[in-house]
Amino acid sequence: MDFEKYYSDRQKLINNFLEKRLQKKGISRVDEAMAYSLFAGGKRIRPILLMATADAVGANGYNFLSVAAGLEMIHTYSLIHDDLPCMDDDDYRRGKYTNHKVFGEAMALLAGDGLLTLAFEVMLEQKNVPPEVLVEVVREVAMCAGNFGMVGGQALDLDAEGKQISEAELRKLHSGKTGAMFIAAVRGGAHLAGATSDQLLALTHFADLLGLAFQITDDILDVEGDPAEMGKSAGSDEKKHKSTYVSLYTLAGAKALAEKTVAEALECLDSFGEKAEPLRRITKMMCGRKS
Ligand code: GRG
């Protein structure tokens, strides 16, 4: 398959959708701050993951653009808040000034709040899905984004700063902070496409392993990534005394673990045959990425 075309077609579709949707302005200049981060060059992994999962189950992922776009809004809000001085305190993301460096802390906080709230409005605008399915998908997204998922993981991360934590604690932290939104994307795509309970189980396991492999890759990149490609400086985990897969296992150990986790994730897709090819390619892309 022409994976580059598959991915870039979907990126374009999502970008067009987000652009159109953000033309519907609110009543203040917070719209500008929201748009700044939403169009700062994100890879759109989570919405494309949702679409590719729906494709793997036999539906057409293109039909679920509203829900997919909502995931990107939630992801973007989390990055804006994560960069704030009270959290990770970063000046650059994706090679550009972070939201608060351009708009100030208070406006950045509101831009994140605005995107999180708009995400739910946009997801609930999804057409051609039975209402009970859409309600379940949006409920799961909320759970994955909140205190049982991303927000909870971020809180564990804050508490772990400066401490050496165990592998089990690190896994729990990242399952929430990074993994939960991948689970939301994959399960969302599966539900929307009408997956069977066996398919849902296999895909949930896949998403969990994908999240883990993605995070290990992130930790490796923080040590040996090229700052120019990443759009931010490397070595921030060490500076902040964070426990990472590299600090737990060494660089070589983390690389071996990433490889093993990717292989296990791919195994979960065996029963989906050819239709899961985009999902396989996304997995390899996410874990072989340079930024
Ligand atoms: C503030 C509630 C709250 C949560 C923040 C997502 C997050 C939790 C923090 C971001 C810190 C970080 C670098 C986590 C590692 C994994 C990750 C989410 C990387 C960025 O995701 P990509 O590569 O980003 O999909 P792009 O830039 O392509 O959108």
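Residues numbered from 1 in each chain as written. Predicted model: local features only at pLDDT ≥ 70, side-chain atom pairs only at ≥ 80, totals over all residues. Heavy atoms only, no water.

A closer look at the site of the ligand
Next, step 1: The ligand sits among 19 residues. The nearest are K43, R46, H75, S78 and R94.
Next, step 2: One of the side-chain nitrogen or oxygen atoms of H75 is found 2.7 Å away from an oxygen atom of the ligand.
Next, step 3: If one sorts the elements of the shell around the ligand by residue count, helix α4 (residues 65–83) sits on top with six residues.
Next, step 4: Split into classes, the residues belonging to the shell around the ligand amount to six nonpolar, seven polar and six charged. (Near = heavy atom within 4 Å. Polar contact = N/O pair within 3.5 Å; in protein donor to acceptor, adjacent residues only side chain to side chain. Helix = DSSP H or I, 4+ residues; strand = E, 2+ residues; numbered from the N terminus. Nonpolar A, V, L, I, M, F, W, Y, C, P; charged D, E, K, R; others polar.)

Observations regarding the environment of T261
Next, step 1: When you line up the elements, T261 lands in helix α13 (residues 245–267).
Next, step 2: Counting along the chain gives 45 residues from T261 to I216, while the straight-line C-alpha distance between them is 9.4 Å.
Next, step 3: Dropping the residues within four chain positions of it, T261 is found in contact with L209, L212, A213 and I216. (Contact = heavy atoms within 4.5 Å.)

Here we look at the packing of aromatic side chains
Next, step 1: The tally for this structure, following the rule as stated, stands at six aromatic pairs.
Next, step 2: With centroids separated by 6.3 Å and ring planes inclined at 15°, the aromatic side chains of F3 and Y6 adopt a geometry described as stacked. Of this pair, F3 and Y6 both sit in helix α1 (residues 3–23), three residues apart, which is roughly one turn of that helix.
Next, step 3: Overall, the relative accessible area of 5% leaves F3 in the buried class.
Next, step 4: Between Y92 and Y97, the aromatic rings sit 5.1 Å apart at their centres with planes inclined by 20°, giving stacked as the arrangement.
Next, step 5: Residue classification places Y92 among the partly exposed residues on the basis of a relative accessible area of 42%.
Next, step 6: Among the aromatic residues, those joined into a ring-pair cluster are F3, Y6 and Y7.
Next, step 7: Above the face of the Y6 ring, R10 is positioned so that its terminal group lies 3.5 Å from the ring centre.
Next, step 8: The ring of Y62 carries the charged tip of R10 above its face, separated from the ring centre by 4.5 Å. (Phe/Tyr/Trp six-rings, centres within 6.5 Å; stacked < 30°, edge-to-face > 60°. Buried < 20%, exposed > 50% of the residue type's maximum accessible area, 1.4 Å probe, protein only. Lys NZ or Arg CZ within 6 Å of the ring centre and 35° of its normal.)

Remarks on the state of the cysteines
Next, step 1: Overall, the coordinates contain zero disulfides when judged by the stated rule.
Next, step 2: As a non-bridged cysteine, C144 has C268 as the owner of its nearest cysteine sulfur, 17 Å distant. (Disulfide = S-S within 2.5 Å.)

Describing helix α6 (residues 105–123)
Next, step 1: With 19 residues, α6 extends 27 Å between its outermost C-alpha atoms, agreeing within 8% with the 27 Å of an ideal straight helix rising 1.5 Å per residue.
Next, step 2: M107, A108, A111, G112, L115, L118, A119, V122 and M123 are the residues of α6 that are buried. All buried residues of α6 project into a common sector of 145° when viewed along the axis, lining one side. Across from the buried face of α6, at angles greater than 90 degrees, the exposed residues are A106 and T117.
Next, step 3: The inward-facing, buried residues of α6 abut α1, α2 (30–38), α4, α5 (99–103) and α7 (131–145). (Expected span 1.5 Å × (residues − 1). Arc of directions from axis to C-beta.)

Describing the side chain of R21
Next, step 1: Within the fold, R21 resides in helix α1.
Next, step 2: Residue R21 is classed as buried on the basis of its relative accessible area, which comes to 10%.
Next, step 3: Excluding residues within four positions of it along the chain, R21 makes contact with L118, E121, V122 and E125.

Points about the layout of surface pockets
Next, step 1: When its volume is computed, the second largest pocket comes out at roughly 290 Å³.
Next, step 2: Forming the walls of the second largest pocket are 15 residues, and the residues nearest its centre are T217, I220, C287, G288 and R289.
Next, step 3: Only α10 (197–224) and α13 provide two or more residues apiece to the lining of the second largest pocket.
Next, step 4: Taken together, the residues that form the lining of the second largest pocket break down as five nonpolar, three polar and seven charged. (1 Å grid on protein atoms, 1.4 Å probe; cavity = no way out; pocket = protein on both sides within 12 Å on 5 of 7 lines; lining within 4 Å. Points joined across faces, edges and corners; volume = space filled by probe spheres on them.)

Describing a nonpolar patch on the surface
Next, step 1: Taken together, the side chains of Y92, Y97 and V102 present a nonpolar region at the surface, about 300 Å² in accessible area.
Next, step 2: On the accessibility criterion, V102 (42% relative accessible area) is partly exposed. (Patch = residues over 30% accessible without salt bridge, like charges linked within 9 Å, V, L, I, M, F, W, Y side chains within 5 Å. Areas by Shrake-Rupley, 256 points an atom, 1.4 Å probe, with all protein chains shown as cover. Salt bridge = Lys/Arg side-chain N within 4 Å of Asp/Glu carboxyl O.)

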